[in-house]
Amino acid sequence: MILALVAGIGVPIAAFGGALGQGKAAAAALDGIARQPEAAGKIQTAMIIGLALIESLVIYALLIFFLLLGRLPATSQILSLIK
Amino acid sequence: MAMLVAAVLALVSILSTRRLQKIPASRLQNLLELSVSALNNYTVSIIGHGGEKYTPFIGTLFIYILFMNLLGLIPALKSPTSNLTITASLAIVVFIYYNYAGIRTTGIKAWFKHLLGEPIWLCWLMFPIHVIGELARPLSLAIRLYGNIFGEETVIAILAAMSLVIIPHVIAVPYQLPMMLFGVFTAFVQALVFSSLTAIYIGLAAAGHEEH
């Protein structure tokens, strides 16, 4: 039961940290576009890459969640259904 | 499945470059020229001057990963990239290639010296840190692509299983449609991130030392 609790609390913490980081990145990108609208294309590309890099840390936590989910008694059958 | 995608892409490329004309007469050649020039501009904008020789690798990587990701959104199929084996093998190829590009451009001594770090009396500390950092790059590339595509697929599968059934086995309300639209966006972004990170690593390894 503790395993279920821990598995459920990991991803929200990672999502919280990831959301803070991505918010800062998007805010900086919007500032840059507001200062120089001609550079909007380059700034947008860099912003998308930065957001994907920050998001990958949240995805690592999601992977641990899936691994733990396979060890919980009832959900291993659900996962085998999906695969 | 991954080899099927590779074979289909190779077949399309070979068939469309059979009769190249200086002013493109067919729409397929036009489309291909458009995509090749866009990829070339993108690669050169990241790597710098000598970037043209890396465009085939990075362009192929981008198109290949994009098509493999999009394959999973077709209802009966599964993405090849939702398997850790395939993404890990792509990451290993990228790792070997950018180290090889670095060694070919600047020589083995410069590559090793870069790993040792700047103040030479700190090399006993910097060497393990740099090695771990270098090894973390293909690891993060593989897990990022795998986690994104696998998570996307799992969410779509769970939403589809939760759909409201109107007539059993015939009609159901498709709850998974918004996630599939988001999945198209994710496929594109993940392919872009993989290939631009590869370009950045090649740029750091190969072109970074030419200014001296």
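For every chain, the first residue of the written sequence is number 1, and numbering continues from 1 along that sequence. Each chain is given a letter, starting from A, and each ligand a number, starting from 1, according to the order in which they appear as written. Predicted model: local features are reported for residues with pLDDT of at least 70 only, side-chain atom pairs are reported and counted for 80 or more only, and whole-chain, interface and lining totals are derived from all residues.

1. Comments concerning the overall build of chain A
- Looking only at helices and strands, one finds 3 helices and 0 strands in chain A.
- Across chain A, helices and strands are ordered from the amino to the carboxyl terminus as α-α-α.
- Exposure in this text rests on C-beta crowding, where 20 or more other C-beta atoms within 10 Å of a residue's own make it buried, 12 or fewer make it exposed, and counts in between make it partly exposed. The C-beta atoms are placed from the backbone. For chain A, buried positions account for 5% of its 83 residues.
- By sequence separation, contacts in chain A at least 24 residues apart represent 71% of the contacts at least 6 residues apart. Think of it this way: any DSSP run of H or I at least four residues long counts as a helix, any run of E at least two long counts as a strand, and we number them from the N terminus. Residues are treated as contacting if the C-beta atoms built from their backbones sit within 7 Å of each other.

2. Description of the overall build of chain B
- Scanning chain B for helices and strands turns up 7 helices and 2 strands.
- Listing every helix and strand of chain B by position from the N terminus yields α-α-α-α-α-α-β-β-α.
- Note on method: radius of gyration uses C-alpha positions; expected globular size equals 2.2 Å times residues raised to 0.38. Since a compact globule built from 212 residues should have a radius of gyration of about 17 Å, the 21 Å found for chain B marks it as more spread out than a globular shape.
- Reported as C-alpha extents along the three principal axes, the dimensions of chain B are approximately 75 × 50 × 25 Å.
- Residues classed as buried in chain B amount to 26% of the 212 residues present.
- For chain B, long-range pairs separated by at least 24 residues make up 62% of all intrachain contacts whose partners lie at least 6 apart in sequence.

3. Focus on the interface of chain B and chain A
- On the side of chain A, 9 residues touch chain B, which itself brings 13 residues to the contact.
- Those elements giving two or more residues to the side of chain B that touches chain A turn out to be α6 (123-161) and α7 (177-207) of chain B.
- No other element matches α6(B), which puts 8 residues into the side of chain B that touches chain A.
- Per-class residue counts for the side of chain B that touches chain A are 5 nonpolar, 7 polar and 1 charged. Three residue categories are used. Nonpolar comprises Ala, Val, Leu, Ile, Met, Phe, Trp, Tyr, Cys and Pro, charged comprises Asp, Glu, Lys and Arg, and polar comprises the others, including Gly.

4. Looking at the packing of helix α1 (residues 2-35) of chain A against helix α2 (residues 40-69) of chain A
Residues and elements named next belong to chain A.
- To get an axis, a line is fitted to the C-alpha atoms, and for a helix only the part in contact is used. The angle between two axes follows their N-to-C directions and goes from 0 to 180 degrees. For the pair α1 and α2, the least separation of the axes is 9 Å and the interaxial angle reads 175 degrees. Considering their axes alone, α1 and α2 lie roughly antiparallel with respect to each other.
- Across the contact of α1 with α2, the residue classes tally to 22 nonpolar, 6 polar and 1 charged. Angular relationships are summarised with four words: roughly parallel below 35 degrees, roughly antiparallel beyond 145, roughly perpendicular across 65 to 115, and oblique for the angles in between.

5. Quick look at the packing of helix α2 (residues 27-47) of chain B against helix α3 (residues 55-71) of chain B
All names here are of chain B.
- In the contact formed by α2 and α3, the axes pass within 9 Å of each other and the chain directions differ by 115 degrees. The two elements α2 and α3 cross, and the hand of that crossing is right-handed. Taken together, the residues of α3 that come into contact with α2 (itself represented by V36, L39, N40 and T43) are T55, I58, G59 and F62.
- Its residues assigned to classes, the contact of α2 with α3 shows 4 nonpolar, 4 polar and no charged. Crossing handedness follows the turn of the near helix against the far one: under a right angle anticlockwise gives a left-handed crossing, and clockwise gives a right-handed one.

6. Let's talk about the environment of B:I143
- Within the element layout of this structure, B:I143 appears in helix α6.
- Among the residues examined, B:I143 registers 18 C-beta atoms within 10 Å and is labelled partly exposed.
- For B:I143 and B:T87, which are 56 residues apart along the polypeptide, the C-alpha to C-alpha distance reads 7.5 Å.
- Other than its neighbours up to four places away in sequence, B:I143 contacts A:Y60 and A:L63.

7. Topic: the confidence of the model for chain B
- Mean pLDDT over chain B stands at 83; residues scoring 70 or higher make up 94%.
- Across the predicted assembly, pTM comes out at 0.84 and ipTM at 0.76. Every residue is assigned a pLDDT by the predictor, reflecting its confidence on a scale from 0 to 100.

8. Some details on the nonpolar core
Residues and elements named next belong to chain B.
- Ranked by internal contacts, the top residues of the largest apolar core, which has 33 residues, are I65, L141, F194 and I202.
- Examining the composition of this core, we find that 10 residues originate from one element, α7, more than from any other.
- Among residues more than four places away in sequence, those in contact with F194 are L61, I65, L141 and L145. Linking buried Ala, Val, Leu, Ile, Met, Phe, Trp, Tyr and Cys residues through C-beta atoms within 7 Å yields a set, and such a set is a nonpolar core.

9. So, the environment of B:L11
- Mapped onto the secondary structure, B:L11 falls in helix α1 (residues 2-16).
- Taking the C-alpha atoms as reference points, B:L11 and B:L135, separated by 124 residues in sequence, lie 35 Å from one another.

10. Some points on α1(B)
- Over its 15 residues, α1(B) extends 21 Å from the first C-alpha to the last, a length consistent with the 21 Å expected when each residue adds 1.5 Å.
- The buried fraction of α1(B) is low, at 0 of 15 residues. To estimate how far a helix should extend, the number of its residues minus one is multiplied by 1.5 Å.

11. Quick look at α2(A)
All names here are of chain A.
- Given a rise of 1.5 Å per residue, 30 residues ought to cover 44 Å, and the 42 Å separating the end C-alpha atoms of α2 matches this to within 8%.
- The angle between axes fitted to the seven residues ending at a residue and the seven residues starting there is what we call the bend at that residue. Of all the bends found along α2, the most pronounced is centred on L57 and spans about 25 degrees.
- Within the sequence span of α2, burial applies to A52, E55, V58 and I59.

12. Regarding the confidence of the model for chain A
- On average, residues of chain A carry a pLDDT of 86, and 88% of them reach 70 or more.
- Per-element confidence in chain A ranges from a low mean pLDDT of 64 for helix α3 (residues 75-82) of chain A to a high of 92 for α1(A).

13. Considerations on the environment of A:F65
Residue and element names in this part refer to chain A.
- Positionally, F65 belongs in helix α2.
- According to the C-beta neighbour criterion, F65 is partly exposed, with 19 such atoms within 10 Å.
- Through-space distance from the C-alpha of F65 to that of E38 is 42 Å; in sequence the pair is 27 residues apart.
- Residues within four places of F65 in sequence aside, it is in contact with A7, G10 and V11.

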